[in-house]
Amino acid sequence: MKRISIAGTGMYLPEKILTNADLEEMVDTSDEWIMTRTGISERHIAAEGETTSNLGSKAALRALEDAGVAADEVDMILCATVTPDMMMPNTACFIQDQIGAKNAFCFDIEAACSGFLYALETAKNYILAGTAKTVLVIGAEKLSSFTDWEDRATCVLFGDGAGAVVLREGEGDAGIKSIVMGSDGSLADLLKIPAGGSKAPSSAETVEARQHFINMAGREVFKHAVRCMCDAGKTALANAGIRIEEVKCIIPHQANMRIIQAIGDRLEVDIDKFYVNLSRVGNISGASIPVALDEAVKGGIIENGDKLLFVAFGGGFTWGAAAMEWGK
Ligand code: UT7
């Protein structure tokens with residue numbers, strides 16, 4: 001069986017930082033509430049005119065450099081995003097043009113905060129099928145364009161950023177061991193951007209009703225997120241034949257510190273095993289896992305031979321988990 005591994009990682013976070021103190025000036029909130037309820041203290045916000053594809057391109061170029069792969073060697077680009085540059089064409093095509101990957105075919109994956117793991121599994125299977133050899137898998141989000149900056153329940157949560165990996169056939173034991181995914185469309189209403197699609201095309205009325213922004217029933221989402229990420233994580237490890245004690249580092253989707261703590265409690269693993277950058281970046285949806293992975297690898301926290309677990313949950317609902325052994 002071919003082993004598919006990550007040959008390089010990269011990420012990009014916009015320069016501008018929005019702190020909890022800044023938010024105190026914008027809505028009726030406090031640093032104390034945001035920190036105790038979420039664990040977030042600041043988030044990066046894209047500059048005026050900077051798009052999701054601009055963030056994704058910067059992360060992609062860094063991942064290519066890390067892998068020692070030229071842009072024209074890439075034959076497939078997948079962009080996981082819930083905040084595309086436009087409804088059409090797809091954001092992966094914009095990234096292709098910006099990085100000069102002229103030999104790639106490109107499409108987006110929309111599975112909200114689980115999108116990166118869905119894209120990883122899709123890319124892996126294209127390589128296994130022989131359709132592609134070198135794939136750029138990118139998670140890129142400019143959530144600030146879809147955040148209602150007057151809604152304190154959501155505007156304190158989100159940030160902008162992008163992470164990318166280069167996926168290729170590897171050698172030895174390292175690589176992706178198992179990925180599991182799940183969805184429950186009956187709960188779609190709990191986390192959505194209601195307008196701008198075919199159900200409610202953009203109109204003066206939808207804009208007036210602020211329906212082009214993210215709308216979330218936070219408490220309900222919280223409950224499902226913990227249960228689904230734990231179950232998926234256990235299944236991914238079981239399918240890979242890896243015991244939780246063997247896992248060196250767990251990289252969860254970073255939405256809320258209390259969710260991460262609850263996952264740790266349920267899986268009976270110490271919180272120190274989780275790589276957490278939530279306090280500095282906030283919730284960056286599909287970019288969350290690849291940004292954290294790049295930081296953990298470049299920071300020397302993850303080394304060759306380490307067993308890793310990724311878990312994610314997002315709108316749809318969608319969720320997933322991946323077990324892998326690190327090594328290029
Ligand atoms: O990314 C993938 C999916 N997303 C998630 O996984 C997010 C999951 N959900 C959560 O992380 C949490 O539910 C939130 C952080 C969104 C909210 O925390 P919570 O503990 O569930 O708070 P709540 O929504 O139940 O609100 C509690 C109170 C309310 O006041 P009352 O009704 O009790 O008087 C809110 O109005 O806190 C109030 N509140 C705030 N107060 C100060 C809500 N937002 C704020 C705020 N500042 N920013």
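Coordinates for the structure precede this section.
Only a predicted model underlies this, so the values are computations on that prediction, with no experimental measurement involved.

Reading the values: the criteria
Residues numbered from 1 in each chain as written. Predicted model: local features only at pLDDT ≥ 70, side-chain atom pairs only at ≥ 80, totals over all residues. Heavy atoms only, no water. Near = heavy atom within 4 Å. Polar contact = N/O pair within 3.5 Å; in protein donor to acceptor, adjacent residues only side chain to side chain. Areas by Shrake-Rupley, 256 points an atom, 1.4 Å probe, with all protein chains shown as cover. Helix = DSSP H or I, 4+ residues; strand = E, 2+ residues; numbered from the N terminus. Nonpolar A, V, L, I, M, F, W, Y, C, P; charged D, E, K, R; others polar. Buried < 20%, exposed > 50% of the residue type's maximum accessible area, 1.4 Å probe, protein only. Pairing = 2+ DSSP bridges. Expected span 1.5 Å × (residues − 1). Contact = heavy atoms within 4.5 Å.

K.L.:
Sorry if this is basic, but what is going on with the site of the ligand here?
P.N.:
In the neighbourhood of the ligand, 23 residues make up the surrounding shell, with Thr-29, Arg-37, Arg-219, Asn-256 and Asn-283 lying closest. The backbone of Arg-152 places a nitrogen or oxygen atom 2.9 Å from a nitrogen atom of the ligand. For the ligand, whose accessible area on its own is 960 Å², the fraction buried by protein is 75%. Of all elements in the fold, only helix H2 (31-38), helix H6 (152-155), helix H8 (218-240) and helix H9 (257-267) reach the threshold of two or more residues within the shell around the ligand. Counting residues per element, the shell around the ligand draws most heavily on H8, at 4 residues. Residue classes in the shell around the ligand are distributed as 12 nonpolar, 6 polar and 5 charged.

K.L.:
Would you explain the pairing of strand E1 (residues 4-12) in this entry?
P.N.:
Taking burial as the measure, the 9 residues of E1 include 9 buried ones, the bulk of the element. Here E1 runs beside strand E7 (residues 160-169); their pairing, made up of 8 bridges, is antiparallel. Residue Ile-6 lies in a different strand from E7, and its bridge partner there is Leu-167.

K.L.:
Help me understand helix H3 (residues 52-67) in this model?
P.N.:
Every α-helical turn comprises 3.6 residues, leaving residues that sit three or four positions apart pointing alike. Taking 1.5 Å per residue, 16 residues should reach 22 Å; H3 reaches 22 Å between its end C-alpha atoms and fits that length. Residues of H3 that are buried in the fold lie against E1, helix H4 (91-99), strand E6 (135-142) and E7. Count one or two residues on from H3 and you reach Gly-68, which has phi positive near 70°.

K.L.:
What's the story with unusual backbone geometry in this structure? I'm lost.
P.N.:
One can expect most non-glycine residues to show negative phi and most peptide bonds to be in trans. Residue Pro-89 is bonded to the preceding Met-88 through a cis peptide linkage, with omega at 0°. By the element assignment, Pro-89 lies in the loop between strand E4 (76-80) and H4. The omega angle of the peptide bond from Gly-316 to Phe-317 is -15°, so this bond is cis rather than trans. Among the structural elements, Phe-317 can be located in the loop between strand E12 (307-314) and strand E13 (318-325). The backbone of Ala-112 shows a phi angle near 50°, a positive value even though the residue is not glycine. Along the polypeptide, Ala-112 turns up in the loop between strand E5 (105-109) and helix H5 (115-128).

These figures capture arrangement, not role.
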